[in-house]
Amino acid sequence: MDKYQKQALQVAKEVVIKFIEVGRISPANFGQNFDVIYKDIIRTMSGMTAGDGSREEELAERETDE
């Protein structure tokens, strides 16, 4: 695991913990949310921005699961 992945992991952990504290995420759906948050942080760190189409497939897949 490289330096950026470790930093992204730490940031994602802190974000998820904060969301759990304020009640936006429950421990029951931690895994599902952590993955999305971690991937978004990695995309941000790599320079990809929102609206670049990188999440369209993932979001469509989540909608069909619900």
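Everything discussed here concerns the structure shown above.
Description of the structure in this document. Note that this is a predicted model, so its numbers are computed, not measured. (Residues numbered from 1 in each chain as written. Predicted model: local features only at pLDDT ≥ 70, side-chain atom pairs only at ≥ 80, totals over all residues. Heavy atoms only, no water.)

### Comments concerning the overall build of the protein chain
Next, step 1: For the protein chain, the count of helices and strands is 3 helices and 0 strands.
Next, step 2: Helices and strands in the protein chain line up, N terminus first, as α-α-α.
Next, step 3: Counting the 66 residues in the protein chain, one finds 18% classified as buried.
Next, step 4: By element, 54% of the accessible surface of the protein chain is carried by carbon and sulfur atoms, the whole surface being about 5,100 Å². (Helix = DSSP H or I, 4+ residues; strand = E, 2+ residues; numbered from the N terminus. Buried < 20%, exposed > 50% of the residue type's maximum accessible area, 1.4 Å probe, protein only. Areas by Shrake-Rupley, 256 points an atom, 1.4 Å probe, with all protein chains shown as cover.)

### Focus on the pattern of salt bridges
Next, step 1: Summed over all chains, the structure comprises 3 salt bridges.
Next, step 2: A salt bridge links E21 to K18, with the shortest nitrogen-to-oxygen separation between them at 3.3 Å. One end of the pair, E21, and the other, K18, are both in helix 1 (residues 3-21), 3 residues apart, so they sit about a helical turn from each other.
Next, step 3: Measuring nitrogen to oxygen at the nearest pair gives 3.3 Å for the salt bridge that ties K39 to D35. Here D35 and K39 lie together in helix 2 (residues 30-46), a separation of 4 residues that amounts to about one turn.
Next, step 4: Take K39: its relative accessible area is 34%, and that puts it in the partly exposed class.
Next, step 5: The class for D35 is partly exposed, based on a relative accessible area of 35%. (Salt bridge = Lys/Arg side-chain N within 4 Å of Asp/Glu carboxyl O.)

### Structural notes on helix 2
Next, step 1: If you check helix 2, its first and last C-alpha atoms are 24 Å apart, about what 17 residues at 1.5 Å a residue would give, namely 24 Å.
Next, step 2: Listing the buried residues of helix 2 in full gives N33, F34, V36, I37, Y38, I41 and R43.
Next, step 3: Just downstream of helix 2 lies G47, where phi reads positive at about 100°. (Expected span 1.5 Å × (residues − 1).)

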